[in-house]
Amino acid sequence: MMAVQFVTAIFMTELLSCKSSLLAVLYTLLTAGIWTVLLLSEGRGEVLLKWLLSVPLCYPVLLYFWHTHFAVRALNWALPGYGRQSAGGAFAGSLLVVLLAALCAIGLLAALARPQAPSPKCEAVRLGIGAGCTVITVAAVLLLTSQFPPYEAIIARV
């Protein structure tokens, strides 16, 4: 769940930034908050284990976005006829990635600093929030991807 939230936020914030920088920052904050909630655990070892397990799982999620050419297609959906991303757009997107990484690092430190007492009710709520947000995120990505212009048409124009 953490890998899906983190990698998706990289691409979704870029898409949102085409429409509103404020929405992109708010989505980044929301994602970092969800990520922190998913990290909360009984002990520091469990927090680190969750984080370590999420790192290699980011790669298959990233492969999905690369394979579907999500960034280029999203950009051309938000700004029809745009073509490929400019260097300036990539720089602005990298700032959002740095912000996301910094906020998630703060969330990791917060989860490490404040281990949670084992409570079945809190664990169920935490997992419910994580699973629900992940399902919504995946559904939004799949819905958006189905609406994007085909990659081949974008490349033919460029």
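Residues numbered from 1 in each chain as written. Predicted model: local features only at pLDDT ≥ 70, side-chain atom pairs only at ≥ 80, totals over all residues. Heavy atoms only, no water.

1. What to know about helix 6 (residues 120-147)
So, step 1. If you check helix 6, its first and last C-alpha atoms are 40 Å apart, about what 28 residues at 1.5 Å a residue would give, namely 40 Å.
So, step 2. Buried within helix 6 are the following residues: Arg126, Gly130, Thr134, Thr137, Val141, Leu144 and Thr145.
So, step 3. Residues of helix 6 that are buried sit in contact with helix 1 (2-19), helix 2 (21-39), helix 3 (44-67) and helix 4 (70-78). (Helix = DSSP H or I, 4+ residues; strand = E, 2+ residues; numbered from the N terminus. Expected span 1.5 Å × (residues − 1). Buried < 20%, exposed > 50% of the residue type's maximum accessible area, 1.4 Å probe, protein only. Contact = heavy atoms within 4.5 Å.)

2. A short note on the packing of helix 2 against helix 6
So, step 1. Relative orientation of the contacting elements helix 2 and helix 6 amounts to 140 degrees, with a least axis distance of 9 Å. Looking at the two axes, helix 2 sits oblique to helix 6. In this structure, helix 2 meets helix 6 at a crossing whose hand is left-handed. Mapping the contact onto sequence places Tyr27, Ile34, Val37 and Leu38 in helix 2 and Arg126, Gly130, Cys133 and Thr137 in helix 6.
So, step 2. In the contact of helix 2 with helix 6, the residues fall into 5 nonpolar, 2 polar and 1 charged. (Axes fitted to C-alpha atoms, helices over the stretch in contact; angles between N-to-C directions. Parallel < 35°, antiparallel > 145°, perpendicular 65-115°, else oblique. Left-handed = near helix turned anticlockwise from the far one by under 90°. Nonpolar A, V, L, I, M, F, W, Y, C, P; charged D, E, K, R; others polar.)

3. A short note on a nonpolar patch on the surface
So, step 1. A contiguous nonpolar surface patch, about 500 Å² in accessible area, is contributed by Leu22, Leu23, Val25, Leu26, Leu29 and Leu99.
So, step 2. When residues in the nonpolar patch are grouped by element, the largest group, 5 residues, is from helix 2.
So, step 3. The residue leucine 23 is located in helix 2 in this model. (Patch = residues over 30% accessible without salt bridge, like charges linked within 9 Å, V, L, I, M, F, W, Y side chains within 5 Å. Areas by Shrake-Rupley, 256 points an atom, 1.4 Å probe, with all protein chains shown as cover. Salt bridge = Lys/Arg side-chain N within 4 Å of Asp/Glu carboxyl O.)

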